[in-house]
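So you can see what is in the structure, the chains are spelled out below.
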Amino acid sequence: MEDLDEIVHEFLVESHENLDQLDSDLVALESAPGSRELLGSVFRTIHTIKGTSGFLAFGKLESLTHVGENLLVELRDGKRSMDQPTTDVLLRMVDGVRELLREIERSGGEGSVDVAPTVRLLEAVLAGEHVSEAPTTDGSAQPVAQPVVEPVAETASEAAPAEEEQMESERAAAPERAVKAATKPAAKRATKRAAPSASAEMPGTTVLTEDPAPPAPEVPHPHEASEPITPSGESEHAARTATDTSIRVDVDLLDALMRQVSELVLARNAIARLANEGDIDLARASQRLSLIASELQEGVMKTRMQPIEHVWSKVPRMVRDLAAACHKQVRLEMIGGDTELDRSLLEAIKDPLTHLIRNAVDHGIEAAADRTAAGKPAQGVLSLRAYHAGGQVIVEVNDDGKGIDPDVVAAKAVEKGLRTVAQVDQMAPADLLQLLFLPGFSTAATVTNVSGRGVGMDVVRTKIEAIGGAVDVDSTPGRGTTWRLRIPLTLAIMPAVTVECDRQTYAIPQVSLLELVALDVEAEQGGVEYIRSAPVYRLRGDLLPLVDLREVFGRPGREGSHATIAVLQTDTVRFGLLVDRVLNTEEIVVKPLSGRLKAIGLYAGATLMGDGQVALILDIQGLARRSLASESVEQARRSSEDEHAVRAEVEQVLVAGIGDGRRVAIPLSAVTRLERLPVDVLEHVGSREVMQYRGSITPVVRLDRVLGSMSDQRDEIVVVVYTRGDRAVAIVVDEIVDIVDDTVTQHSELGDMGLVGSTVLKDRVTELLDVRAAVAAADPMFFDDEAADAFALVEV
Amino acid sequence: MSRQLATFVLGGAHYGVDVLLVQEALRSQDRTPVPLAPSGVAGLVNLRGEVVLSIDLRHRLGLAPLAEDAEPMMVVVQVDGEPISLLVDEVGDVIDVAESQFETPPDTLDPALRELIVGAYKLPTSLLMALDVQKATAQAA
């Protein structure tokens, strides 16, 4: 019933508009009687109203417009010319139509409006001058009915009885079945035309209604539609007619308004900032401004909102056709169709949604026989759900099909070379499902003409991410799969956190932000630890990979440990972004970025700060992909190298500074521990320096002295511990620079005392330490047992 | 056939772009640098609420950067319907030039610059080099 009311409402809106046009057209026609264009326009308007009124079972309206139409047909066909009586009677007809429409709007029915006199007048005009040709309207109805009657001849006979009862007594007996048959398809077309024109599908306009309610998603079956409309008592807005409460607005105008409101929000932010420092009156005024701006912003945003039903309206047909094509039985459920979204977003989710639905029907839901065998009802259920949650709109596509087997996904990922066996073994089932979103992934065993051509979920993800949304998947094998799209409410304005990095301000969309963690100033390096060269942070016991924004941007590292970790979540990974400091949370207006900067892939747009400065909005997905994917790729490379034992080529070395800007590489395999110790741990045995390490006296070698460089005296020493069996040597260096991969083939023979050569690491010439020599300098006996072993071998 | 060129000065030489492409010329503003942007991108400026990309023409033309304390000017041009600000040393007059004064650049010009400089107009006192705005603002190398 609600849908029907909606149709009636739209019919009224459209008819009112058309009638205004009709008035001026008729008057214009009087002075230019021959204008076929005007006549055509008038004829179409009346024909549409007639068709729709028949469809909606407004008998009086139908009969009135029908006679009027007959008259217009004769005018159009040149059988009569426009004269004043004809114009008069046509205008009267228009008045009659108006009156009826008003009544329908007021009470939902046609009430007691009497159209008989007007009908008689029209007939008189018709008959008066054309007695010979068309004695009754019966005859003249033919040409109208003829063109449309043919294709739907069978529906006419079936639908006619249902309508018969509702035909009212005063209705002229003349128009018989032929007319009804004609109204049917006409009505269908008319409504179909009416619905989209008011919806997103008409590109130029959007409809503003006082109660933004969904227009009819689909044309209901003729039988349902033919039910009489029971007057629903007093309508809530009886005082205002449909045309008063709803207008058509050019979307460009709305966009312009939106932009201006965005500017206002910026100005408000600036004033709010000033007011924080200023006097109380300014603060008060600023607060009011803030409130009004927020409301205005919300209001303008609402005008662009449209129910998701606009996108869903095509789904039933699509699912039906798909199910038929795949020989499956599918029932479609749609919940929350009135959930509203910005129209640009609506447009953007259309394709991904279609893709997911196709997938669900084609791959998700099993054939009836398989379902029955699995103990499930033969008919599969596909449900679409839309709802608001946490400032986002969630759209779910759920099927009760066979689900996705994580093991199959894992096997596929390995087969396609996207992940290694070792990697998938370590992944949780939920993480395995995320692999579905990798480019070049498609699990369909066979390529059907519906889906499974390898353009898969990665396209869905890319499209959803492009509008600042996210997509994830839940699946239970045997029970079904749920795809979940998270979509921001609007594109233009979003809540964000502004952060500072290297004196520049950047905005991080709040959607991606989980929490902010200040680095522990007390702890060494702020609590940042390293796994090899990858920084991590212990966040409530879990290791969080860290990405330093300065490093990403190639800026110099920050001094001290004053930094904040913004814990960010993309749909696949969680990571911490190190920024210098966090400035504020505010609503930012997204400004498009020049196409010339899109290729960088790190920025989602730009925004203006309160002080007028431009700030870049970080693209968190892009950032993660750039910083983390490359790392994981590198890790994958490393681990695969481990697997294939190609270590001879690449060796990891510890790069240490030894003063005078010299760098020395120590093979990592020789290093057991790195220690930072106060200088007073060093003691002496004779002329040798020693230290106590793990309960034994360990010889110490100062690398700078061995290699002849000068380093500053410090309070703290950095010690590289080298262990062999139960013997250890402590090698003192100036600082630990990094751990890097050293390619043996790049080594140069160029060396010196205590060195085995040199190479270039990280763009710096680095000396390769002769570990044996260095260790022997501290503990000549260190390798003795090995020598003994060698002798033993020789002796045998 | 005469046309009008909006002129500006870069490193002492005069350059011109079609005046119809020029939206406005104004004093330079604070620019927000764009990390990892192609070199030649001078940053982003706020032009009355619009975020506009700034291109350092000196860099594009292979000239040394402007002295630290010098204030460049901005010439905002429309390229593919998008405003782009060009950083120049000084803004000059709009000059009427005739096709007869035009000559293509000499073969001795660096090929990279030949892309950008379509030719020179021989003015009585100096040469006015005509700049291809499209190429000059294209993905900076």
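The name given to chain B in an unreviewed UniProt entry is Chemotaxis protein CheW, with Actinotalea lenta as the source organism.

Going by the annotation in an unreviewed UniProt entry, the name recorded for chain A is histidine kinase, with Actinotalea lenta given as the source organism. On record in UniProt, under Subcellular location (unreviewed entry), the comment for chain A is "Cell membrane". Of chain A, the UniProt comment under Catalytic activity (unreviewed entry) reads exactly: "ATP + protein L-histidine = ADP + protein N-phospho-L-histidine."

Asker: Explain the overall build of chain A to me, using residue names and the numbers behind them.
Answerer: Within chain A, the regular secondary structure consists of 26 helices and 31 strands. Per-residue burial over chain A gives 48% buried out of 796 residues. Pairs at least 24 residues apart make up 68% of the contacts formed inside chain A by residues separated by at least 6 positions. Put simply, chain A shows about 38,800 Å² of open surface, and 52% of that area lies on carbon and sulfur atoms.

Asker: With reference to specific residues and values, describe a nonpolar patch on the surface.
Answerer: Residue and element names in this part refer to chain A. A contiguous nonpolar patch, built from I271, L274 and L282 and spanning about 240 Å² of accessible area, is present on the exposed surface. Mapped onto the secondary structure, L282 falls in helix α12 (residues 280–303). Residue classification places L282 among the partly exposed positions, given a relative accessible area of 35%.

Asker: Outline the pattern of salt bridges, supporting the account with residue identities and numerical values.
Answerer: Residue and element names in this part refer to chain A. Within this structure, the stated rule accounts for 30 salt bridges over all chains. Linking K376 and E366 is a salt bridge whose minimum nitrogen-to-oxygen distance equals 3.0 Å. Taken together, the positions of K376 in the loop between α16 (368–373) and β6 (380–389) and E366 in the loop between α15 (343–364) and α16 put the pair 10 residues apart, joining distant regions of the chain. The exposure class assigned to K376 is buried, which follows from its relative accessible area of 16%. One salt bridge in this structure joins R484 and D474, with 3.4 Å as the shortest N-O distance.

Asker: Lay out the packing of aromatic side chains with the relevant residues and their values.
Answerer: Residues and elements named next belong to chain A. Here the structure, examined in full by the defined rule, presents 5 aromatic pairs over all chains. Here the aromatic rings of F553 and Y603 are separated by 6.3 Å at their centres, their planes lie at 40°, and the arrangement is tilted. Within this pair, whereas F553 is found in the loop between α21 (549–552) and β16 (564–569), its partner Y603 is found in strand β19 (residues 603–608), the two being separated by 50 residues in sequence. Residue class for F553 comes out buried when judged on its relative accessible area of 5%. For Y603, a relative accessible area of 7% gives the class buried. Grouped by ring-pair contacts, the aromatic residues Y506, F553 and Y603 constitute a single cluster.

Asker: Explain the interface of chain B and chain A residue by residue, including any values.
Answerer: Taken together, the contact between chain B and chain A spans 22 residues of the former and 22 residues of the latter. When the buried surface of chain B facing chain A is broken down by residue, P35, L36 and V51 of chain B rank first, second and third, together holding 32% of it. In this structure, the connection of chain B to chain A is made through 0 salt bridges. At the boundary of chain B with chain A, the tally comes to 4 residue pairs in polar contact (both at pLDDT 80 or more). When contributions to the side of chain B that touches chain A are tallied by element, the ones reaching two or more residues are β4 (41–47), β5 (50–56) and β7 (82–88) of chain B. Here the side of chain B that touches chain A gets 4 residues from one element, more than from any other, and that element is β4 of chain B. Here the side of chain B that touches chain A is composed, by residue class, of 14 nonpolar, 5 polar and 3 charged.

Asker: With reference to specific residues and values, describe the packing of helix α11 (residues 251–277) of chain A against α12 of chain A.
Answerer: Residues and elements named next belong to chain A. Viewed as axis vectors pointing N to C, α11 and α12 meet at an angle of 160°, and their least axial separation amounts to 9 Å. In terms of their interaxial angle, α11 and α12 are classed as roughly antiparallel. The two elements α11 and α12 meet at a crossing, and its hand is left-handed. Within the contact between the two elements, α11 uses L254, L257, M258, V261, L264, V265, R268, I271, A272, L274 and A275 and α12 uses L282, A283, S286, L289, S290, A293, S294, L296, Q297, V300, M301 and T303.

Asker: Give me the lowdown on the environment of S126 of chain B, citing residues and values where you can.
Answerer: All names here are of chain B. Mapped onto the secondary structure, S126 falls in the loop between β10 (117–122) and β11 (127–131). Distance from S126 to A13, taken between C-alpha atoms, is 8.5 Å for residues 113 residues apart in sequence. The contacts of S126, once residues within four sequence positions are left out, are H14 and Y121.

Asker: Tell me about the side chain of S286 of chain A, and please be specific about residues and values.
Answerer: Residue and element names in this part refer to chain A. By the secondary structure assignment, S286 is in helix α12. Residue S286 is classed as buried on the basis of its relative accessible area of 8%. If sequence neighbours within four positions are ignored, S286 has contacts with I271, A272 and A275.

Asker: Give a detailed account of helix α20 (residues 457–466) of chain A, specifying residues and quantitative values.
Answerer: Side chains three or four residues apart in an α-helix point the same way, a direct result of the helix having 3.6 residues per turn. Residues and elements named next belong to chain A. Within the span of α20, buried status applies to M457, D458, V460, R461, I464 and E465. Summarising the axial view, the buried residues of α20 lie within an arc of 155°, below the 170-degree limit, and thus occupy one face. Note on α20: the residue one or two positions beyond its end, G468, has a positive phi of about 80°.

Asker: Residues and numbers for the sheet that holds β11 of chain B, please.
Answerer: All names here are of chain B. Taking strand neighbours across the sheet as the criterion, the 6 strands line up as β8-β1-β2-β11-β10-β9 in an open arrangement whose pairing is mixed. Every interior strand has two partners, whereas the edge strands, β8 (90–98) and β9 (102–103), have only one. Both β10 and β11 contribute to a ladder of 5 bridges, which runs antiparallel. Looking at the pairing, Y121 lines up with L128 of β11.

Asker: So what's going on with the packing of helix α3 (residues 59–76) of chain A against helix α4 (residues 84–107) of chain A? Which residues, and what values?
Answerer: All names here are of chain A. Running from amino to carboxyl end, α3 crosses α4 at an angle of 155°, the nearest separation of the two axes being 10 Å. In terms of orientation, α3 lies roughly antiparallel with respect to α4. Judged by the sense of rotation from one axis to the other, the crossing of α3 with α4 is left-handed. In contact with K60, L61, L64, T65, G68, L71, L72 and L75 of α3, α4 contributes T86, V89, L90, M93, G96, V97, L100, L101 and I104. Its residues assigned to classes, the contact of α3 with α4 shows 12 nonpolar, 4 polar and 1 charged.

Asker: Before we move on, could you go through the nonpolar core and cite the residues and values that matter?
Answerer: With 59 residues, the main nonpolar core has L577 of chain A together with L44 of chain B as its most contacted residues. Ranked by the residues each element gives to this core, the list is headed by helix α23 (residues 620–644) of chain A, at 4 residues. With sequence-adjacent residues up to four places away left out, L577 of chain A is seen in contact with I508, V547, L549, T564, I565, A566, L568, L618 and L623 of chain A. V409, L433, L438 and I487 of chain A belong to the second largest nonpolar core, which has 45 residues in total.

Asker: Explain the environment of V133 of chain B to me, and be specific about the residues and the numbers.
Answerer: Structurally, V133 of chain B is set in helix α3 (residues 133–137). Residues V133 of chain B and V22 of chain B, 111 residues apart in the sequence, show an inter-C-alpha distance of 10.0 Å.

Asker: Just give me the short version of the pairing of strand β15 (residues 542–548) of chain A, but keep the residues and values in it.
Answerer: Residues and elements named next belong to chain A. Note: strand β14 (residues 534–539) against β15, 4 bridges, orientation antiparallel. By the bridge assignment for β15, L539 is matched with D542. In terms of strand pairing, β15 meets strand β17 (residues 574–579) through 3 bridges, oriented parallel. Each bridged residue has a counterpart across the sheet, and for L546 the counterpart in β17 is G576.

Asker: Let's hear about the pairing of strand β9 (residues 480–488) of chain A: which residues, and what values?
Answerer: Residues and elements named next belong to chain A. Here β9 lies mainly inside the structure; 8 of its 9 residues are buried. Across 8 bridges, the pairing between strand β7 (residues 392–399) and β9 is antiparallel. Looking at the pairing, Q392 lines up with P488 of β9. Pairing between strand β8 (residues 470–476) and β9: 7 bridges, direction antiparallel.

Procedures and definitions
Residues numbered from 1 in each chain as written. Chains lettered and ligands numbered in written order. Predicted model: local features only at pLDDT ≥ 70, side-chain atom pairs only at ≥ 80, totals over all residues. Heavy atoms only, no water. UniProt positions renumbered as here; feature names shortened; annotations may be inferred. Helix = DSSP H or I, 4+ residues; strand = E, 2+ residues; numbered from the N terminus. Buried < 20%, exposed > 50% of the residue type's maximum accessible area, 1.4 Å probe, protein only. Contact = heavy atoms within 4.5 Å. Areas by Shrake-Rupley, 256 points an atom, 1.4 Å probe, with all protein chains shown as cover. Patch = residues over 30% accessible without salt bridge, like charges linked within 9 Å, V, L, I, M, F, W, Y side chains within 5 Å. Salt bridge = Lys/Arg side-chain N within 4 Å of Asp/Glu carboxyl O. Phe/Tyr/Trp six-rings, centres within 6.5 Å; stacked < 30°, edge-to-face > 60°. Buried area = accessible area lost by both parts, 1.4 Å probe. Polar contact = N/O pair within 3.5 Å; in protein donor to acceptor, adjacent residues only side chain to side chain. Nonpolar A, V, L, I, M, F, W, Y, C, P; charged D, E, K, R; others polar. Axes fitted to C-alpha atoms, helices over the stretch in contact; angles between N-to-C directions. Parallel < 35°, antiparallel > 145°, perpendicular 65-115°, else oblique. Left-handed = near helix turned anticlockwise from the far one by under 90°. Arc of directions from axis to C-beta. Pairing = 2+ DSSP bridges. Core = buried A, V, L, I, M, F, W, Y, C linked by side-chain atoms within 4.5 Å.

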